[in-house]
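# Coordinate inspection notes
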Amino acid sequence: SRWCASETMKIIITAVSPSIDSNVDPRFGRGANFIVVDPDTLSWQAHANPGVGAPGGAGTRAAQFAANQHASAIISGDFGPNAFEALQAAGIDMYLFGTSSTVKEAIERFKAGELVRVGAPTGSGHHGRG
């Protein structure tokens, strides 16, 4: 049957609004939206971040969402220790969007190999709203 897992790569970019033309949201766990993109075709879907309103554990919830989407990589601006550990455990690569301002630009830079891959948590993590 043809419905088995496809070979297409999926990357997730945190975004301010639910569009591929949106600005990148620098927060992973508390970013408003996740844009799930096939970098080859640029087909995309927007999802609200399930962790946004969580009193705690937003990064872990966001990481779980990414794992459920079978994402290969995440592009954002900050990965706290909990999110970093959860994404690493799921085998998802993390990249910083750097000077990219829009989701589209971040995808282009990712494809060009211009984004910095994260090898350790970039933030201290945030507990609750602070």
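Residues numbered from 1 in each chain as written. Predicted model: local features only at pLDDT ≥ 70, side-chain atom pairs only at ≥ 80, totals over all residues. Heavy atoms only, no water.

## Focus on the packing of aromatic side chains
Definition in use: For Phe, Tyr and Trp, rings pair up if their centres lie within 6.5 Å, where Trp contributes its six-membered ring, and each pair is then called stacked (planes under 30 degrees apart), edge-to-face (over 60) or tilted (otherwise). The buried label goes to any residue with under 20% of its type's maximum accessible area, the exposed label to any with over 50%, and the partly exposed label to all in between, with areas taken from a 1.4 Å probe on protein chains only. Each helix is a run of H or I in the DSSP string that is no shorter than four residues. Each strand is a run of E no shorter than two, and both are numbered from the N terminus.
Throughout the structure, instances matching the rule amount to four aromatic pairs. With 5.9 Å between their ring centres and 40° between their planes, Phe 28 and Phe 34 make a pair best called tilted. On the accessibility criterion, Phe 28 (1% relative accessible area) is buried. When the centroid spacing of 5.2 Å and the interplanar angle of 85° are considered together, the rings of Tyr 95 and Phe 110 count as edge-to-face. A residue pair is termed long-range when its members are at least 10 positions apart, and Tyr 95 in strand β5 (residues 93–96) and Phe 110 in helix α3 (residues 103–111) qualify at 15 residues. The class for Tyr 95 is buried, based on a relative accessible area of 15%. In this structure Phe 110 comes out as buried when scored by relative accessible area, which is 15%.

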